[in-house]
Amino acid sequence: MESKYNYFKRDISWLSFNYRVLLEALDERLPLYERINFISIYSSNLEEFYKIRVADHKAVASGATESDEETVQSARELVEEINKEVTRQLDDRVRIYEQKILPALRKNHIIFYQDNHVEPFHQQFVKDFFREEIFPYLQPVPVSKDKIVSFLRDNRLYLAIRVYPKKEEKNKGEEPKENIEKYTGECIYERNDGEGIKVGMEAARPNVTDFRQPLYFVMKQPYAKVPRFIELSSREKNHYLMFTEDIIKANLNLIFPGYDVDSSYCIKISRDADILIDDTATSSADLVAQLKKKVKKRKIGDVCRFVYDRAMPSEFLDFLVDAFRIQRDELVPGDKHLNLEDLRHLPNPNKSLHSLEKPKPMKLTVLDEKESIFNYVAKKDLLLYYPYHSFEHFIHFLYEAVHNPETREIMVTQYRVAENSAVINTLIAAAQNGKKVTVFVELKARFDEENNLATAEMMQAAGIKIIYSIPGLKVHAKVALIRRRGLNGEKIPSYAYISTGNFNEKTATLYADCGLFTCRKEIVADLYNLFRTLQGKEDPKFTTLLVARFNLIPELNRLIDREISLADEGKQGRIILKMNALQDPTMIDRLYEASEHGVQIDLIVRGICCLIPGQSYSRNIRVTRIVDSFLEHARIWYFGNDGTPKVFMGSPDWMRRNLYRRIEAITPILAPDLRDSLIEMLDIQLADNQKACWVDDKLQNIFKKRTPGTPAVRAQYTFYDWLNKTNS
């Protein structure tokens, strides 16, 4: 039955979020290089979006795959809508970069050359640097329609170059002599007749009857050998930077002797990077074999985006489109300089430019180096907030388990871990110390498949029991269990840890997450049942934890029904939901229904939000988005419950995949003081008037304004200060 409600399109909503990231580059209160970094994040996000989401839609639009959620026509229309919105956003990115960032750099005595024109005092350096450091790594590859198809590698920057042979003096009756160098490069050559075709420059030879026919080349930028950004010598107070491709452009005449270089423009290809796993695989070994094979093919996936310098003339673009067999719906106009995600590596030669003073991870005074986390948690639950609290506390927790003689087994889920992970090294130490260690490794964590395989094999070699992915499911729960027994067999507390974030010490300094340590028997028992379920050993029964695919949806419905009943009785119905994404229409309908009954609902959703505020059926729902120094990643749910709030935290967003196709774990916060601290965090985030936006009914990011006379609230920093004051 068709719903009476409406929803934002998932991918258009995500683009609204990414645009909010871009808007941080406009915030002049931020240090300049922090603003530049947000352009990098925006660009990196967009690249992954095309590789996964747009690639999926294009596969449906082409008829290559089928979908229960969209038709061929709707997929085509969505790709067109996405490209239109991205083009609009990229126009703004160009404006922000050229009109805001570059002038701000100049104001701070950093001159960032943006073309091949440089000051006279740098011209010789540019020539010398090109000859000595760049030229040996360049390989121009000829491009000729219907004859040679060069394979453009995924997300690599290329220069597309157009040249004309120079006119030469010739004797009467002689054909023109063509000065054509023989270039080689990585090409895929195709036959178009029974005799095959000529390759190399020979195939690109111009028609001798029309000596000035253009020749086209592509040339991969050698960033594996040469940095993207080159620092030039300073002059008085000024520092100078230059893109490597601009140095190349300034010296193209040296690459093409005997030719007039007409023009050159940057291009790049984005390729489908999704890995489709056959869910009929019956064993972990089959999954491992599939992944090893398919990960290698990620770089040669189908084209999902062809990005080009928007200044490129139409006839030049038309030639490339034909030559590389690009579809028109794959064209996305870009800036003169592409791959601006590289801006995160932009050198800062002006050392007087201050960097952002971000909150530094604090260690709890109750958990100093002499205090046992085991002893503390045996008395009361402990809740840590990353990155405000140090992730070293979790490492210390594992370290204690390694050296505690009463530890029987350590059980952990692995979704994304850091390279050279301290968590993995500690687990290996536990196995080498005679402890039983079981790790559930999710192989299907996108873009982390190879790292997860490598760490799993390393752990297995150290004697750790590895349980691989469940076919057809992802295990997204972030949980750990330390099982203990007294040396004489007596029962002693075991320890459970449930988190909103991965066991990853790198992202724990960048993502805002929470982790709960507890010895509560009911949670420990539920978590043990969850691990046994992952091993396929028993039918699960959960009394306290909420686990997706088992008891999560029924309990969420019960909690929402409770707030609706309170509102119907004239009492306050209240819901606050903090998450990364809200997309499942069934749960959105429940929120719409609650709003219609008068339940007051605040959503703190960083990314995708398919719920539309400002409608008759959502008049009591407000959507807040916060983008700041740290990535908001925690999932926290508050239900008012007539003055006795129920608060939960865990791993899932309200996406279809999280609620129905993954194993997720959510815990209630049962300790009143910890529950109150989570409520305090939610209240601070709702009061943010510095970095918070309302998301309106047109997906616009409307910045919240500070009311005169009220304090400035920047949620991440205000909450850090609150934690610091309570750290006693």
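Our structure's up above, just so we're on the same page.
Residues numbered from 1 in each chain as written. Predicted model: local features only at pLDDT ≥ 70, side-chain atom pairs only at ≥ 80, totals over all residues. Heavy atoms only, no water.

> Even after reading the chapter, I still don't get the overall build of the protein, so can you show me in this structure?
Tallying secondary structure elements over the protein gives 18 helices and 30 strands in all. When contacts within the protein are restricted to residue pairs at least 6 apart in sequence, those whose partners lie at least 24 apart make up 77%. Roughly 32,400 Å² of accessible area belongs to the protein as shown, and the carbon and sulfur atoms make up 47% of that amount. (Helix = DSSP H or I, 4+ residues; strand = E, 2+ residues; numbered from the N terminus. Contact = heavy atoms within 4.5 Å. Areas by Shrake-Rupley, 256 points an atom, 1.4 Å probe, with all protein chains shown as cover.)

> Just to check I follow, could you spell out helix 2 (residues 32-61) for this structure?
Each α-helix winds once per 3.6 residues, and so residues spaced three or four apart point in a common direction. Taking 1.5 Å per residue, 30 residues should reach 44 Å; helix 2 reaches 42 Å between its end C-alpha atoms and fits that length. Roughly 40° is the biggest bend found in helix 2, and it falls at Y50. Of all the 30 residues making up helix 2, 23 are buried; the element is thus mostly covered by neighbouring parts of the structure. G63 occupies a position one or two residues after helix 2 and carries a positive phi of about 85°. (Expected span 1.5 Å × (residues − 1). Bend = angle between axes of the 7 residues up to and from the residue. Buried < 20%, exposed > 50% of the residue type's maximum accessible area, 1.4 Å probe, protein only.)

> Explanation requested: the nonpolar core in the structure shown.
Nonpolar side chains in soluble globular proteins generally cluster together in the buried interior. One finds L591, L603, L611, W637 and W654 to be the most contacted residues of the largest nonpolar core, which totals 114 residues. Considering each element in turn, this core owes the most residues, eleven residues, to helix 2. Those residues within four positions of L603 in sequence are excluded, and the remaining contacts are L577, L582, L591, L611, I621, R622, V623 and T624. Listed in part, the 43 residues of the second largest apolar core include L382, F397, I428 and A456. (Core = buried A, V, L, I, M, F, W, Y, C linked by side-chain atoms within 4.5 Å.)

> It is not clear to me how the side chain of E442 should be interpreted in this structure. Could you clarify?
Looking at the element boundaries, E442 is found in the loop between strand 14 (436-441) and helix 12 (449-461). A polar contact of 2.7 Å, which involves the side chain of E442, links it to the backbone nitrogen of V475. For E442, the residues in contact, after removing those within four places along its chain, are Q414, Y415, N452, S469, L473, K474 and V475. (Polar contact = N/O pair within 3.5 Å; in protein donor to acceptor, adjacent residues only side chain to side chain.)

> Please explain the environment of A454 as it appears in this structure.
One can find A454 in helix 12. By relative accessible area, A454 is classed as partly exposed at 43%. Taking the C-alpha atoms as reference, A454 lies 9.8 Å from E419; in sequence the two are 35 residues apart.

> It is not clear to me how the sheet that holds strand 26 (residues 646-650) should be interpreted in this structure. Could you clarify?
Paired through backbone hydrogen bonds, the strands of a sheet run either parallel or antiparallel to each other. Spatially, the nine strands line up as an open sheet ordered 20-28-26-25-21-22-23-29-30, and their pairing is mixed. The open sheet has two edge strands with one neighbour each: strand 20 (546-547) and strand 30 (701-703). One ladder, built from two bridges, connects strand 20 with strand 28 (residues 665-668); its direction is antiparallel. When the bridges of strand 28 are listed, V547 appears paired with A665. Along the sheet, helix 15 (residues 585-596) makes contact with strand 21 (574-579), strand 22 (600-605) and strand 23 (621-626), crossing strand 22 at roughly 145°. (Pairing = 2+ DSSP bridges. Axes fitted to C-alpha atoms, helices over the stretch in contact; angles between N-to-C directions.)

> What's the story with the packing of helix 17 (residues 672-687) against helix 18 (residues 715-726) in this structure? I'm lost.
The angle between the axes and the distance between the axes are what describe a pair of packed helices. The geometry of helix 17 relative to helix 18 is characterised by a closest axis approach of 9 Å and an angle of 145° between their N-to-C directions. Crossing geometry of helix 17 relative to helix 18 is assigned as right-handed. Across from S677, E680, M681, I684 and Q685 in helix 17, the residues of helix 18 making contact are A715, T718, F719 and W722. Along the lines of polarity and charge, the residues of the contact of helix 17 with helix 18 split into five nonpolar, three polar and one charged. (Left-handed = near helix turned anticlockwise from the far one by under 90°. Nonpolar A, V, L, I, M, F, W, Y, C, P; charged D, E, K, R; others polar.)

> What is the right way to look at the packing of aromatic side chains in this model?
Remark: the centre distance and the inter-plane angle together describe each pair of aromatic rings, the angle taken between the planes. Overall, the coordinates contain 37 aromatic pairs when judged by the stated rule. For the pair W14 and F17, a centre-to-centre distance of 6.2 Å together with 70° between the ring planes defines the contact as edge-to-face. Placement of both W14 and F17 in helix 1 (residues 10-23) is noted, with a separation of three residues, approximately one turn of the helix. As far as burial versus exposure is concerned, W14 and F17 are alike and both buried. A connected cluster of aromatic rings, assembled from ring pairs, spans F374, Y386, F391, F394, F397, Y495, Y497, F503 and F517. Taking the ring centre of Y528 as reference, the NZ or CZ of R483 above it sits at 4.0 Å. (Phe/Tyr/Trp six-rings, centres within 6.5 Å; stacked < 30°, edge-to-face > 60°. Lys NZ or Arg CZ within 6 Å of the ring centre and 35° of its normal.)

> Can you help me understand the environment of I601 in this one?
With respect to the secondary-structure elements, I601 resides in strand 22. Sequence separation between I601 and I575 is 26 residues, and the spatial gap between their C-alpha atoms is 4.8 Å. When sequence neighbours within four positions are dropped, the list of residues in contact with I601 reads R574, I575, L591, A594, S595, N620, I621 and R622.

> Just checking my understanding: could you explain the sheet that holds strand 9 (residues 259-271) for this structure?
Strand order in the open sheet formed by six strands is 2-6-4-9-10-11, and the pairing between neighbours is mixed. Strand pairing shows two members of the sheet lacking a second neighbour, strand 2 (141-143) and strand 11 (331-334), which therefore form its edges. With strand direction ignored, the average angle separating the axes of adjacent strands in the sheet is 35°. In this structure, strand 4 (residues 158-165) lies alongside strand 6 (residues 215-220), joined through six bridges in antiparallel fashion. From the neighbouring strand, A160 faces strand 6, where its bridge partner is V218. Contacts from helix 8 (residues 314-323) reach strand 2, strand 4, strand 6, strand 9, strand 10 (303-309) and strand 11 within the one sheet, and its direction differs from that of strand 4 by about 110°.

> What is the right way to look at the pairing of strand 26 in this model?
Looking along a regular strand, one sees side chains alternate from face to face of the sheet. By the criterion of burial, strand 26 is predominantly enclosed, with four of the five residues buried. Between strand 25 (residues 635-639) and strand 26, which follow one another and run antiparallel, lie six residues, and N641 among them has a positive phi close to 55°. Sheet topology note: the strand 26/strand 28 ladder contains three bridges and is antiparallel. Its bridge partner being in strand 28, F648 is matched across the sheet by P668.

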